[in-house]
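Chains, contacts and geometry: an overview
Listed below, chain by chain, are the residues.
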Amino acid sequence: MLPMMEDEVFMAFTTYAAIVILKMLLMGPMTAFFRFSRGAFANEEDVALKPSEERKKLLRSHPDVERVRRCHQNDLENIVPFVLVGLLYALTGPELSAALLHFRVFAGSRIFHTIAYVGALPQPSRALSWAIGFLVTVSMSYRVLSKVLVL
């Protein structure tokens, strides 16, 4: 293994980054599942083999499909910054316990955010799960800047 991969903080970061990236990647197949099960397609080529009348009925949006798409978009807006900031954070040499707390809380908040969003749980469940993940990324950003700030 490379020397960096022997560092416990870096291994923890790699583990939780892979978990949330995999969670985000699974949103694509989830969107496809909802498109097929709800019969709601966005592009003409998606229904090109269907009869003309059926095509018109299938080219539409559906609230469930849009909900999953918005959840996926939210993942892109939050997981990508976490991965970038988390890598920099891991390189600052934080205590393993603090790093694990950041990584675990973020992963848990994103998983719960997906459950709350796709399952249409009542607010503020989704907002709180988003805010917790956002605050984790801000906390790691603060640690990085306080460690390496050069103006």
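Quantities reported herein were computed from a predicted structural model and do not represent experimental measurements.

1. What about the packing of helix α1 (residues 8–25) against helix α2 (residues 27–38)?
Running from N to C, α1 and α2 point in directions that differ by 20°, and their axes come no closer than 4 Å. Of the possible angle classes, the one that applies to α1 and α2 is roughly parallel. Across from K23, M24 and L25 in α1, the residues of α2 making contact are M27, G28 and P29. Split into classes, the residues belonging to the contact of α1 with α2 amount to four nonpolar, one polar and one charged.

2. Considering the pattern of salt bridges
In the structure shown here, the tally under the stated rule is four salt bridges. The salt bridge involving R69 is made with E66; its shortest N-O contact spans 2.7 Å. Of this pair, R69 and E66 both sit in helix α4 (residues 63–91), separated by three residues, roughly a single helical turn. We classify R69 as partly exposed; its relative accessible area is 40%. Salt-bridge contacts for D75 lead to R110; the nearest nitrogen and oxygen are separated by 2.7 Å. Residue D75 is located in helix α4, and its partner R110 is located in helix α5 (residues 96–118); the two are separated by 35 residues in the primary sequence. Note on accessibility: D75 and R110 belong to one class, buried. Each of K23, D75 and R110 takes part in a single network of salt bridges with overlapping partners.

About the criteria used
- Residues numbered from 1 in each chain as written.
- Predicted model: local features only at pLDDT ≥ 70, side-chain atom pairs only at ≥ 80, totals over all residues.
- Heavy atoms only, no water.
- Axes fitted to C-alpha atoms, helices over the stretch in contact; angles between N-to-C directions.
- Helix = DSSP H or I, 4+ residues; strand = E, 2+ residues; numbered from the N terminus.
- Parallel < 35°, antiparallel > 145°, perpendicular 65-115°, else oblique.
- Contact = heavy atoms within 4.5 Å.
- Nonpolar A, V, L, I, M, F, W, Y, C, P; charged D, E, K, R; others polar.
- Salt bridge = Lys/Arg side-chain N within 4 Å of Asp/Glu carboxyl O.
- Buried < 20%, exposed > 50% of the residue type's maximum accessible area, 1.4 Å probe, protein only.

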